[in-house]
Amino acid sequence: MLETTIAEIGPPDPVAMTAARDLQARLTKPAGSLGVLEELSVRLAGLAGVCPPPLPEPAAVAIFAGDHGVHAQRVTPWPQEVTAQMIGNFLAGGAVVNAFARQAGASVTVVDVGVAAPLPFPPADATSADAAPADAAPADAASGPTGTALAPPRLLDANVRRGTRDMTVTAALTRDEARAAVETGIRVAGGLIDAGAGVLLTGDMGIANTTPAAALVAAFTGVDPEAATGRGTGVDDETYRRKVGVVRTALQRHRPDPADPLGVLAAVGGLEHAALAGLILGAAARRVPVLLDGVIAVSAALAAAALAPDAVGAMVAGHRSAEPGATVALRHLGLDPLVDLGLRLGEGTGALLALPVVTGAVRVLHEVATFDAAGVSEK
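Computed from a prediction, not measured in an experiment: that's the story for all the values here.

1. Structural notes on the overall build of the chain
If you tally the helices and strands in the chain, you get 15 helices and six strands. Taking 379 residues into account, the globule formula puts the C-alpha radius of gyration at 21 Å, and the chain, at 20 Å, falls close to it. In terms of overall dimensions, the chain has a C-alpha envelope of 70 × 50 × 40 Å along the principal axes. Taking as baseline every contact in the chain between residues at least 6 positions apart, the subset at least 24 positions apart corresponds to 79%. Carbon and sulfur atoms make up 53% of the accessible area of the chain, which totals about 14,600 Å².

Listed below in structure tokens is the structure:
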């Protein structure tokens, strides 16, 4: 599946991009007055292969959840049990991502790809990672901004293993486990797109997952571990120094080769990181945009880009995480974030806040009149 998906990922369509630039120049506004939104609309036209590109709706958030053996190195004060507890919160609709998703009219799918504890929450309407969401929402479901009923959050069971191994002792995953997680993400992307999603948003949950994210960023970009490592949930100075040392130790032990992205994911990645890389690849193969969230997502995006460089054409950087590794990764990918609000929550929250910006960039091409059509004089 992985090789087939990679083979389906192609470069942006230059004809559609030229058409989008030409259309932007004829709309009733000064040239360049919409700033980065203009180039974003051009990129999305190139991805879709048509101008104007489809509106990026409906939106679907995929939250991949996993636990981490490196938690044993005391890189965070939060207990590992919080991962499973937060999944319960997502399903109950009580997390920040749920509030933002309701505001944006986006569905929420939680995927257990590597949670350590068996989850006590039965899947809401499906049991496999490639199952499509239910077509109809219950009468008491929350409503989106247009009044359309939203289906409740759902849980998919795609657990590859009960958390990764401690990457300071041995590889976090085997190559087969890393591949299985990547292919889980590909299947989830396909299921959401087949169900009608016009844009996918990355989400994540996993206590200690900023530590493998920092290791992935350092491995793929070559920066020093300290430049890639942040404070995650807000650790104190002592824990931060220990965290940097843990990342450095793991990289020295495994010497991951960025030319072997699956090997990098196996050595120092997390199951949610690998699955997010797969989600990005799956969307890129279907020429559907993926709105990236924070440092977990962009570290996964580095792996996706290493596997298939043209996959970058499907990526939109939703926001600049406060985690320093996110800026390093975005620079390496050549992506500029749409918003910068000092966020470091994860879950998909920053991507959801950026979603209206992406939609607006495309809607301009659909709805704004040209100078000729409006009878407005040009300079």
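2. A few points about the packing of helix H7 (residues 210-221) against helix H9 (residues 237-254)
At a minimum axis distance of 10 Å, the contact between H7 and H9 shows a crossing angle of 50°. By the angle between their axes, H7 is oblique relative to H9. Considering the relative orientation of H7 and H9, their crossing is right-handed. Contact with H7, carried on its side by Thr 210, Thr 211, Ala 214, Ala 215, Ala 218 and Ala 219, involves Lys 243, Val 246, Val 247 and Leu 251 of H9 and no other residues of that element. Taken together, the residues of the contact of H7 with H9 break down into seven nonpolar, two polar and one charged.

3. Overview of the pattern of salt bridges
Per the stated rule, a full pass over the model turns up 15 salt bridges. Among the salt bridges present, the one from Glu 183 reaches Arg 179, with a minimum N-O distance of 3.4 Å. With a gap of four residues between them, Glu 183 and Arg 179 both fall in helix H6 (residues 175-194), about one helical turn apart. The network of salt bridges with shared partners includes Glu 3, Arg 179 and Glu 183.

4. Regarding the nonpolar core
Among the nonpolar cores identified, the biggest contains 82 residues, and Phe 64, Leu 200, Val 268, Leu 281, Leu 292 and Met 315 are the most heavily contacted of them. Residues in contact with Leu 292, not counting those within four places in the same chain, are Thr 202, Ile 280, Ala 297, Val 298, Ala 301, Met 315, Val 316, Ala 317, Gly 318, His 319, Leu 335 and Ala 351. Of all hydrophobic cores here, the second largest spans 34 residues; its members include Met 86, Ala 95, Leu 119 and Ala 351.

5. Quick word on the sheet that holds strand S4 (residues 199-205)
Strands sit in the order S3-S2-S1-S4-S5-S6 across an open sheet of six strands; the sheet is parallel. The sheet is open, and its two edges are formed by strand S3 (154-157) and strand S6 (315-317), each paired on a single side. Taken pair by pair, the neighbouring strands of this sheet meet at an average axis angle of 30°, ignoring direction. Each of strand S1 (59-66), strand S2 (107-114), S3 and S4 touches helix H4 (residues 82-92); the most contacted strand, S4, lies at about 140° to it.

What counts as what
Residues numbered from 1 in each chain as written. Predicted model: local features only at pLDDT ≥ 70, side-chain atom pairs only at ≥ 80, totals over all residues. Heavy atoms only, no water. Helix = DSSP H or I, 4+ residues; strand = E, 2+ residues; numbered from the N terminus. Rg over C-alpha atoms; globule rule 2.2 N^0.38 Å. Contact = heavy atoms within 4.5 Å. Areas by Shrake-Rupley, 256 points an atom, 1.4 Å probe, with all protein chains shown as cover. Axes fitted to C-alpha atoms, helices over the stretch in contact; angles between N-to-C directions. Parallel < 35°, antiparallel > 145°, perpendicular 65-115°, else oblique. Left-handed = near helix turned anticlockwise from the far one by under 90°. Nonpolar A, V, L, I, M, F, W, Y, C, P; charged D, E, K, R; others polar. Salt bridge = Lys/Arg side-chain N within 4 Å of Asp/Glu carboxyl O. Core = buried A, V, L, I, M, F, W, Y, C linked by side-chain atoms within 4.5 Å. Buried < 20%, exposed > 50% of the residue type's maximum accessible area, 1.4 Å probe, protein only. Pairing = 2+ DSSP bridges.

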